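Structure assessment
Chain residues, written in single-letter form:
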Amino acid sequence: MDARHRRGRDAEALVAAHLQSEGWQILARNHREAGVEIDLIAARDGRVRFVEVKARDLSDPLAQQALSGAQQSRLQRAGDHWMLARAGPGSPWTEGCFLLALVGTDGAIQLLDDPFDG
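Heads up: these notes are all about the structure in this document.

Parameters and conventions
Residues numbered from 1 in each chain as written. Predicted model: local features only at pLDDT ≥ 70, side-chain atom pairs only at ≥ 80, totals over all residues. Heavy atoms only, no water. Core = buried A, V, L, I, M, F, W, Y, C linked by side-chain atoms within 4.5 Å. Buried < 20%, exposed > 50% of the residue type's maximum accessible area, 1.4 Å probe, protein only. Helix = DSSP H or I, 4+ residues; strand = E, 2+ residues; numbered from the N terminus. Contact = heavy atoms within 4.5 Å. Expected span 1.5 Å × (residues − 1). Arc of directions from axis to C-beta.

1. Description of the nonpolar core
In this structure, Ile-41, Val-48, Phe-50 and Trp-82 are the most contacted members of the largest nonpolar core, which totals 17 residues. Those elements giving two or more residues to this core turn out to be strand S2 (36–44), strand S3 (47–55), helix H2 (69–86) and strand S4 (95–103). Setting aside anything within four residues of it in sequence, one finds Val-48 in contact with Ile-41, Ala-42, Ala-43, Trp-82, Met-83, Trp-93, Glu-95, Gly-96 and Cys-97.

So this is what it looks like as structure tokens:
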């Protein structure tokens, strides 16, 4: 595994641990849905968060624009597909949305809830 992939995996592990410390249950890591990889799927109180993790320099003003429009569309499609397949009558999950987790070079985590909403 090269340094970039190792940094990405380390960032995903940091975010997963942070979410768990906040009471979120990690349902899946590196889950493929509708041909798209979702870094983390977390749930709490009937809510599901599809988490995209990006290791970035948080001082960079463009860090929050880490996803292209095409990437956003693919992730939304995958999240919608996951919810359609698993949420519904009798399901514990009533809401699904996205969370962009930016992890700085110092390990600081910045969470952006529903980053695709205009």
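From this point, the narrative continues.
2. Some details on helix H1 (residues 3–21)
Between the first and last C-alpha of H1 there are 27 Å, a value that for 19 residues agrees with the 27 Å anticipated at 1.5 Å per step. Every buried residue of H1 is accounted for by Ala-11, Glu-12, Val-15, Ala-16 and Leu-19. Projection of H1 onto a plane perpendicular to its axis shows the buried side chains occupying an angular sector of 135 degrees, all on one side. More than 90 degrees from the buried face of H1, the exposed residues found are Ala-3 and Ser-21. Where H1 is buried, its residues touch strand S1 (25–33), S2, S3, S4 and strand S5 (109–113).

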